Structures are given as C-alpha cells and as structure tokens.
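# Per-entry structural report
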Amino acid sequence: MVNRLLEDAADLNERLAQVSREAVDLRNSKSFRVGRLIAAPLIIARTIKQHGMRATLTKVKNVVRRSKNTAPVFPQNAALEAQKYVGYVAAHYPNADAIAAMKKTVFDNQPLISVIMPAYNTQGRYLREAIDSVIGQAYPNWELVIVDDASPQPQVQAIAKEYAAKDSRIKFIRMPQNGGIAKATNAGVEAANGEFIALFDHDDLLWPNALHEVVQTVNTMPNVNFIYTDEDKVNEHSEQHFEPFFKPDWNSELLRSVNYITHFTVIRTSVLKEAGLEDPEYNGAQDWELFLRVTRSIHPTTICHIAKVLYSWRAYSASTAQSMGAKPYALRAQKKAVETDLVQRGISNAVVNQNANGWLNVRYPLQGNPLISIVIPSKNQFAVVKRCIESIYARSTYKNFEIILVDTGSDDPQVLDWYKRVSAKHGNFHQLSFVEKRFSYSRSCNFGASKAKGELLIQLNNDTEVISPDWMQTLGGLAQRPEIGAVGPLLLYPGNAVIQHAGIGVGVGSKNGAAANLFNHVEKNSNQLNVTQQVMLRLIRDVTAVTGACMVIEKKKFEEVGGFADEFRVTFNDVDLCLKLWARGYRNVYMPTVELTHHESISVGTPDRSNRDIIELLHADALFKHRWAQYVEADPNYNRNLSREKSDFTL
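Reading guide: rules and limits
Residues numbered from 1 in each chain as written. Predicted model: local features only at pLDDT ≥ 70, side-chain atom pairs only at ≥ 80, totals over all residues. Heavy atoms only, no water. Helix = DSSP H or I, 4+ residues; strand = E, 2+ residues; numbered from the N terminus. Buried < 20%, exposed > 50% of the residue type's maximum accessible area, 1.4 Å probe, protein only. Contact = heavy atoms within 4.5 Å. Salt bridge = Lys/Arg side-chain N within 4 Å of Asp/Glu carboxyl O. Expected span 1.5 Å × (residues − 1). Polar contact = N/O pair within 3.5 Å; in protein donor to acceptor, adjacent residues only side chain to side chain. Pairing = 2+ DSSP bridges. Phe/Tyr/Trp six-rings, centres within 6.5 Å; stacked < 30°, edge-to-face > 60°. Lys NZ or Arg CZ within 6 Å of the ring centre and 35° of its normal. Core = buried A, V, L, I, M, F, W, Y, C linked by side-chain atoms within 4.5 Å.

## A closer look at the overall build of the protein
- Counting its regular elements, the protein contains 22 helices and 23 strands.
- With 651 residues in all, the protein has 55% of them scored as buried.
- By sequence separation, contacts in the protein at least 24 residues apart represent 78% of the contacts at least 6 residues apart.

## Here's the deal with the pattern of salt bridges
- In the structure shown here, the tally under the stated rule is 39 salt bridges.
- The salt bridge partner of R587 is D542, with a shortest N-O separation of 2.6 Å. Taken together, the residues R587 in strand 23 (residues 587-598) and D542 in strand 21 (residues 541-543) connect sequence positions 45 residues apart.
- Classification of R587 by relative accessible area gives buried; the value is 14%.
- On the basis of relative accessibility, which here comes to 1%, the residue D542 falls in the buried class.

## Notes on helix 4 (residues 78-92)
- The end-to-end C-alpha distance of helix 4, which contains 15 residues, comes to 21 Å, matching closely the 21 Å that a straight helix rising 1.5 Å per residue would cover.
- On its buried side, helix 4 packs onto strand 6 (226-234), strand 7 (241-245) and strand 9 (303-314).
- Near the N-terminus of helix 4, the side chain that reaches the backbone nitrogen of A79, with its oxygen 3.1 Å away, is that of N77.

## Comments concerning the pairing of strand 11 (residues 360-363)
- Across the two faces of strand 11 the burial differs, with L360 and V362 buried and N361 and R363 not buried at all.
- Where strand 10 (residues 351-354) lies against strand 11, 4 bridges are found, and the strand directions are antiparallel. Bridge pairing in strand 11 links V352 to V362.
- The turn linking strand 10 back onto strand 11 is made up of 5 residues, and G358 within it adopts a positive phi angle of 90°.

## Observations regarding the packing of aromatic side chains
- The final tally for this structure, using the stated rule, is 24 aromatic pairs.
- Seen in terms of ring centroids, F264 and Y311 are 5.9 Å apart; in terms of plane orientation they differ by 25°. Their pairing is stacked. Here F264 is found in the loop between helix 10 (252-255) and strand 8 (265-268), whereas its partner Y311 is found in strand 9, with 47 residues between them in sequence. Residues F264 and Y311 agree in their burial class; the two are buried.
- Joined through ring pairs, the aromatic side chains of F382, W418, Y419 and F429 make up one cluster.
- Geometry around Y163 places K166 over its ring, the cationic atom sitting 4.9 Å from the centre.
- Seen from the ring of Y282, K336 lies directly overhead, with NZ or CZ sitting 5.4 Å from the centre.

## What to know about the environment of E236
- Looking at the element boundaries, E236 is found in the loop between strand 6 and strand 7.
- Sequence separation between E236 and S317 is 81 residues, and the spatial gap between their C-alpha atoms is 9.2 Å.
- In this view, E236 contacts R125, Y126, R314, A315, Y316 and S317; residues no more than four positions away in its chain are not counted.

## Here's the deal with the pairing of strand 9
- Along strand 9, 11 of the 12 residues are buried, which leaves the element largely enclosed by surrounding structure.
- Here strand 5 (residues 205-206) runs beside strand 9; their pairing, made up of 2 bridges, is antiparallel. Across the sheet, residue L205 finds its bridge partner in strand 9, namely S312.
- Bridge analysis of strand 6 against strand 9 gives 8 bridges, and the strand direction is parallel. Bridge assignment links D230 to a residue of strand 9, and that residue is V309.

## Details of the nonpolar core
- In this structure, I374, I389, I392, L460, W471 and F624 are the most contacted members of the largest nonpolar core, which totals 141 residues.
- Residues contacting W471, with those up to four places away along its chain left out, are I374, I392, S396, I458, L460, V466, G476, C550, V594 and L596.
- L127, I170, I227 and V266 belong to the second largest nonpolar core, which has 36 residues in total.

## A look at the side chain of H202
- By the element assignment, H202 lies in the loop between strand 4 (196-199) and strand 5.
- The class of H202 is buried, set by a relative accessible area of 17%.
- A polar contact is formed between the side chain of H202 and the side chain of T122, at a distance of 2.5 Å.
- The residues contacting H202, other than those within four sequence positions of it, are M117, P118, A119, Y120, T122, Y126, L127 and A130.

## As for the side chain of T474
- As for its placement among the helices and strands, T474 is situated in helix 17 (residues 471-479).
- At 3.3 Å, the side chain of T474 and the side chain of R363 are in polar contact.
- Leave out the neighbours within four places in its chain, and T474 touches R363, M591, T593 and V594.

If you want it as structure tokens, here you go:
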C-alpha cells in the first residue's frame, strides 16, 4: 500500500512538472507573445472606455510590475476574511446553553478575580454595557472595582453607584482629583481583594466565558502568573465584531515591537505588587510598560496565552481602538516604555525607531567588530553563484567578513576559472572542496562551519542576492544576544514584490504539513492584510524557525546543538536546527527590516525524481513529524485558530 502511494506520488510529481513545463513553453512561445501584442491595444482601448484613463494607467503599471516577478501571487481578500470572522463569532461566542453548562462547573481552585475598571467621562451606554458584561460572566467569583477618575460628567458616578447598590461584588471609588489612568488603576488594585487582577477598559466588553477560561487555566496551570487572551473589536452599537487579533504564545521580541498583549490581561496580585503598580509617567502606554516590567520579573513558563477571543475592544472616534491619532501622547509613552525596558535588561545601546502607527523597530548594534563567516554551498551554476557573491561584495556595508564557498563538485570550467579570479581579487574569499557521491546540504554546511573562523555564521544559499546593505550587522547584532538562537530576514522572490520567507511555521502550509515558509507567495505591500497579518509580517518577532537560505547564528550556538542533522539531507534541516535551539531555551527571530532576494530552489531543485528523491522526502517528513510532534501539533508562534492548510495567518 505504501509503495503504491509512493509510486502515485512520484507519477503525480512528474505530471505536475510536465504541465508546468508546458505552461512555461506556451507563455514563452512566439505565437503566444505575438497574440498578446496584437490584443494589447484592443484591451487597453476597452479598459479606457470602461474605467477611464487614470484607472487604465494603474492597471498597466500593475501588469508591468507583475511581469517582472517570476513567482505566483496568492491574493489576499480582506472582505472574505471579515466574512469568515462573522462565522467564527457565531461558532465561538457562547450561547445561553453553553453559559449554563459553564456555570455548573466546579473548579478545585476558585480564586477571586478582581476586575479593575478605571473610568473617565464614559458614555453612559458604553459604561452600562461594560458592567453588564462582567455581571454576565459564567464564573461567579469576581469583584468589579470601578474607579471614577474625577469625571466632570455626572453619569459615571451615578451609574457606578447604581450598580454597586444592586450587587455587593461591585465596588465604587471616586478619585478626589483627576490623576490619569495609571493612578486610577492603582487605586483600584489597592482596594481589590482578589488573588488575580484583571485589567478592563471602561467602554469595552468581556465575552461571557472570559473569567471561566481564566480560572480553568489557573486550575490546569497552578503556577501561572500572567494570562492574556485573543481579542477583537466591536462597533459603537455592539452589533458587529471585527478585526480579530489572533496572538502568538509568549513572544518577547514582539512585545518590544508592539503591545500585542493588550486585552484581556490577568496578573497574579502578589506578582503585580512585587513588580510595582502602573507608572503614571507612562499614561497612554501604562499597560504596555507594566507588561514589560512584570514579564521581566517572572519566568516565561509562568506566562499563559489563552488562544480564544474573550475580549472586545470598543472602536469609536475617540478610542485608541479606532485611531492612534486620537491619543498622540500615547506614542511618546510607548517608545519610552520600550527604551526603559531595554535599559533595565542591560541593553543600553539599542536604537528604538517608531512609525506613525506606534509600531517599533528595535535595532541591536553589533558588538565590537567580529569576523562574520558566510558559508555558501554551491556547485556549477555560474550566473547564480556569481550574482550572489558579487551582491555581497558590492552592497554590504560591513567589511569584516569571510566567504567560505563549499564547492560540492563543480566541473564547469567557467565556474572554476571564476573561483580563481575572485580568490585573487578578494583575500577573504575561500573556496573549499567537499565532494560527496550524493549531495547533502547538511553535511556541506557543517563542513563549511567547521572551517569558519568567525564568531558569527551566516548560512547562505547560492541563489540569494543582497538587498539591504546593512544586512550583516543588523542580523548579527541580534544574533549576538545571549538568549537568541537563529535570526532570519525577509526573503523576496525576484522582482522583490512577492514574499518567499517571513519566518517558518511548524505544522502549517498544507493539510498535514510539517513546516512551511510564512507568507510565502503573498504580496509584500498588499493592502488586503488583516491586523494579525500586518503585525506578524511587518514587525520583529520570535518565530519557531527561520530558513537556512539565510540564517545568522553564533558559531558556538551552532556547535552547541550539533549543527545541521545528517538525517535531513536536503529538507527540514534548517527547521530541525531551529527547534534544537528552541529546545535549549534560545529564541529564533524574524527581522523584516532586512531583505534579500531568493531565487528559490535553483540550488537544490524542485521535488521530482530527477532531483530530490520523493521517497526520501516522505521519510524526512515522517521523521520530522515524529521528532518534533509537539510543535507540529501546536506551533507556539502560530495561533491555533488560524488555518493550518495555509501559512499566511488567515482563518
């Protein structure tokens, strides 16, 4: 049965390859090009008539741009994703029967949860709905502390007192004078009696199962100190849920790029008080600064992400959910919070840049002037390897590097002669011979690494091309951090408009996938990306793995985990290496601020009989899934609500 499946898979690969070749031949044929040339004026004229000159020019530009790209594009559809989320809410928002069943649950540990709600001039309807969402919780052991920050508008005090009179679990405090959200929150914490503190904005909504899920986590994970959940937004009339944010599990680097934790957050009271309450100096980013400070003081294994939407952030004209421009002071506080966190972590020379959205880009300068060894396996392919090497020398601004080209059996006289000329011109170019009967990417890279003299290694495919001049020092500066394993850049297909790699996800990419490049074949500047996609694509963050096509790692860490595994000759070796690093406690990081072009699969070919043995691929797939079953089942950096059949962070 297995042999029959393997034969069918091989036959299918051959048929697919043949169809691909026929399609390419057709597109390159003279008749096809002539036909398109003849038809072009008629198409343009019709388009002008239907859509006007400006729209036609835009379409022509797009066609020209796409013609420069060799990679197909998987189009994104924001409207379709929004519609899918309507279905998600319908399936996951608990109905009356589900809530009734939750209320019957008897937990061994039933901690008091203190929900802290600072309020200031809240619209009456929003305040009532927020309070009602707490009262409607399936889990009953809570208290709500409403802190009126001396609101001039009387409805806040009136409504809060009304509810407090009806439910003994609700407390009301009025500040003597307006002190800002941090002071109001702190007053609520000081008045709270709960074992855990939950932060809640005065105009938002908790889902009915929010506290139930939190307490369930407390029971299954008794040492938990910090809990956060997924979230979405709700419109002014509370009738439409939209823009879900499906978060990763604890992601240290992402938290220095954006406050991805936001809502709903629950912190053990003793931990919060020991770390210190909210700092008024950071009003507008007080939660972000608090999260950075608290997570700095606890072990990552006591941080838990509940991968369920349990909180709805109110979006209206004056809220940060609707527009960061409504609170410009928050932008300044955000940048300062991250700068302070870096200093507290002993990273005083990091440079923090901020865009208009408030998103941050932390750059870690390269320490000293270390030698960087670039290891490139290669065989023949004169134009390919020449383009790669020349781009390194022509475009790189960092100069203390060596290139170790591991030649695996070139017999092209043009290539061999070029090696000699490059060696004569550049004293830091070293061509080493490593010939095996059967090419092994893993062994060739390990051989090159063993000969490297640098503190930092860059494993680089010969079919890559440098775009970012500062690529070495930017990737290398982060790779030098003691807690960092491998670092990878954003890789683009030829034309530099379509993504090839933005980190690697494990257990995604197909129905039973082992691993896949994230955002593969997605347009880099697509305007159809949702909130989750934008955060995951455009910000520096921890990822489970990065590709070996361009991977920066300290040599001592590479050697510590044994380099690339021999068992994975041509595939999964990079992901396996990254997971070995992850298992040792190192974090792997994706840096979108660095870009290279990747002419993918030129160096190792495509999976067919003439190149990669399909049987070996299936064996490697099975071995990888067995060895790393935990991550295949649930990649901590890829939210389980998202489609596993794709790798673009969509539902």
